[in-house]
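# Chains, contacts and geometry: an overview
The lines below spell out each chain.
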Amino acid sequence: MFIGEYTFKVDSKGRMSIPALFRRELEEGDPQRPNKDRPRMVVVYGPPQQKMLQVYTQAAFEDLARDIAAMPRGSKERAILQRAVLSKSQPIEIDPDGRLVLPAALREKIGLESEAYFSGVGETFEIWKPDTYHAEDASKVEQWMEELGEDFDPLSLIPAKKSDG
């Protein structure tokens, strides 16, 4: 599971460290990798309005691709997912020094310059330009507080477990 928030420097070639906990998760999520020291991942860059990159382990992306392929051929939903996810994805392998190297086109898409903000969101992690993330996060929190109240407890969103009996 990818959790936590981290900020790392990005060099002029798009190289950046990956949080150590994320690297371990990527290794576990690519047990069949051809190069033992270089786990693979898939970066989904999505439609033009998407302001971040979403990163899947190799196994999680393969599961997602199978779920999309299992949808009815010719369905609108399958076509949307094929276009928004499968065609907007970039397989990437960790470099020999354990870093992620993002192609220029992906860095340009989200305006990534000297720093990258990593946000673990469970099954995946996101890569943001730090300023964009903080602005989006503040906006979402403000919206949620307006809708749900200042003393809202986010854990209350988890459905109560049914008791045996």
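Worth saying up front: this structure is predicted, and the values here are computed from it rather than measured. (Residues numbered from 1 in each chain as written. Predicted model: local features only at pLDDT ≥ 70, side-chain atom pairs only at ≥ 80, totals over all residues. Heavy atoms only, no water.)

### Side note on the packing of aromatic side chains
Throughout the structure, instances matching the rule amount to 10 aromatic pairs. When the centroid spacing of 5.8 Å and the interplanar angle of 35 degrees are considered together, the rings of F118 and F125 count as tilted. Across the pair, F125 and F118 agree in class, each one buried. Clustering of aromatic rings is evident, with ring pairs tying together F2, Y6, F8, F22, F118 and F125. (Phe/Tyr/Trp six-rings, centres within 6.5 Å; stacked < 30°, edge-to-face > 60°. Buried < 20%, exposed > 50% of the residue type's maximum accessible area, 1.4 Å probe, protein only.)

### Section: the pairing of strand β3 (residues 40-44)
With 4 of 5 residues buried, β3 is to be regarded as a mostly interior element. One ladder, built from 5 bridges, connects β3 with strand β5 (residues 89-93); its direction is antiparallel. By the bridge assignment for β5, R40 is matched with E93. Of the strand pairs in this sheet, β3 and strand β4 (residues 53-57) are connected by 4 bridges, and their pairing is antiparallel. Bridging across to β4, M41 finds its partner in T57. (Helix = DSSP H or I, 4+ residues; strand = E, 2+ residues; numbered from the N terminus. Pairing = 2+ DSSP bridges.)

### Regarding the sheet that holds strand β8 (residues 125-128)
Ordered in space as β1-β7-β8-β4-β3-β5, the 6 strands form an open sheet in which the pairing is antiparallel. Among the strands making up the open sheet, the edge pair consists of β1 (2-9) and β5. On average, adjacent strands in this sheet sit at an angle of 25 degrees to one another, irrespective of strand direction. Pairing of β1 with strand β7 (residues 115-122), which is carried by 8 bridges, proceeds in the antiparallel orientation. What sits directly across from F8, in β7, is A116. Sheet contacts for helix α1 (residues 20-28): β1, β3, β4, β7 and β8; angle to β1, the most-contacted strand, approximately 120 degrees. Contacts from helix α2 (residues 58-69) reach β3, β4 and β5 within the one sheet, and its direction differs from that of β4 by about 100 degrees. (Axes fitted to C-alpha atoms, helices over the stretch in contact; angles between N-to-C directions. Contact = heavy atoms within 4.5 Å.)

### Quick look at the pattern of salt bridges
Counted under the stated rule, the structure contains 8 salt bridges. The partner of E93 in a salt bridge is R38, and the shortest N-O contact between them spans 3.1 Å. Of this pair, E93 sits in strand β5 while R38 sits in the loop between α1 and β3, placing them 55 residues apart in sequence. The closest approach of N and O atoms between R66 and D63, which form a salt bridge, is 2.4 Å. Of this pair, R66 and D63 are both found in helix α2, 3 residues apart, which corresponds to roughly one turn of the helix. (Salt bridge = Lys/Arg side-chain N within 4 Å of Asp/Glu carboxyl O.)

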